[in-house]
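Structural description and commentary
Residue-level listing of the chains:
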Amino acid sequence: MEKHELSKAEWLDKCEAYCARAEHCAADVRRKLYEWGAPADFADEIEQILYERDFLNDARFCNAYVHDKVEYQRWGRVKIQAGLRALQLPESEIAKALDSIEGNNYFSNLRKLLQERRSDSEEKRLRFLAQRGFTFDEIHQVLHT
């Protein structure tokens, strides 16, 4: 049986539905199109239309990503920044989103992580927190307050 080839409009509809379910970036959409088997030449045009129709928005995505990583994964700024850069988002949007991190919640997460690891050696705790994306200045600030 012959496989039905989707038109560009059908691929666009599929991408719009994907973007409507959760916040995604252009890299996510391109990866999904590839996974679904869409023709490679459709990706640029579909991406442009998704931006025009506000299904894709770099600022909104960066803010959501930062919020979720701080709130749910308790990541530090360094790891969050690396994650956003890996998605090839604009540096200006990454910087704005990182600036929106609230200090109280952010440092509260850091204190909780330190408390959870209180039985570890100081070296092991520092290494763990650095892997979570916290800077040594941030760690030092919390340790000495």
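What comes next concerns the included structure. (Residues numbered from 1 in each chain as written. Predicted model: local features only at pLDDT ≥ 70, side-chain atom pairs only at ≥ 80, totals over all residues. Heavy atoms only, no water.)

A word on unusual backbone geometry. Positive phi, normally seen in glycine, also occurs at Asp54, with a value near 65°. With respect to the helices and strands, Asp54 occurs in the loop between α3 (43-52) and α4 (58-73). For Arg74, which is not glycine, the phi torsion reads 55° and is therefore positive. Within the secondary structure, Arg74 sits in the loop between α4 and α5 (77-86). (Helix = DSSP H or I, 4+ residues; strand = E, 2+ residues; numbered from the N terminus.)

Position of Tyr18 relative to the elements: it lies in helix α1 (residues 8-21). What makes Tyr18 buried here is its relative accessible area of 8%. A distance of 3.2 Å separates polar atoms of two side chains, one belonging to Tyr18 and the other to His24. (Buried < 20%, exposed > 50% of the residue type's maximum accessible area, 1.4 Å probe, protein only. Polar contact = N/O pair within 3.5 Å; in protein donor to acceptor, adjacent residues only side chain to side chain.)

Counting across every chain of the model gives 15 salt bridges. Across the salt bridge formed by Arg31 and Asp28, the nearest N and O atoms sit 3.3 Å from each other. Taken together, the positions of Arg31 and Asp28, both in helix α2 (residues 26-36) and three residues apart, correspond to about one turn of that helix. Given a relative accessible area of 41%, Arg31 falls into the partly exposed group. Asp28 sits in the buried class, given a relative accessible area of 11%. Note that Asp120 is salt-bridged to Arg117, the shortest N-O span being 3.2 Å. Take Arg117: its relative accessible area is 29%, and that puts it in the partly exposed class. (Salt bridge = Lys/Arg side-chain N within 4 Å of Asp/Glu carboxyl O.)

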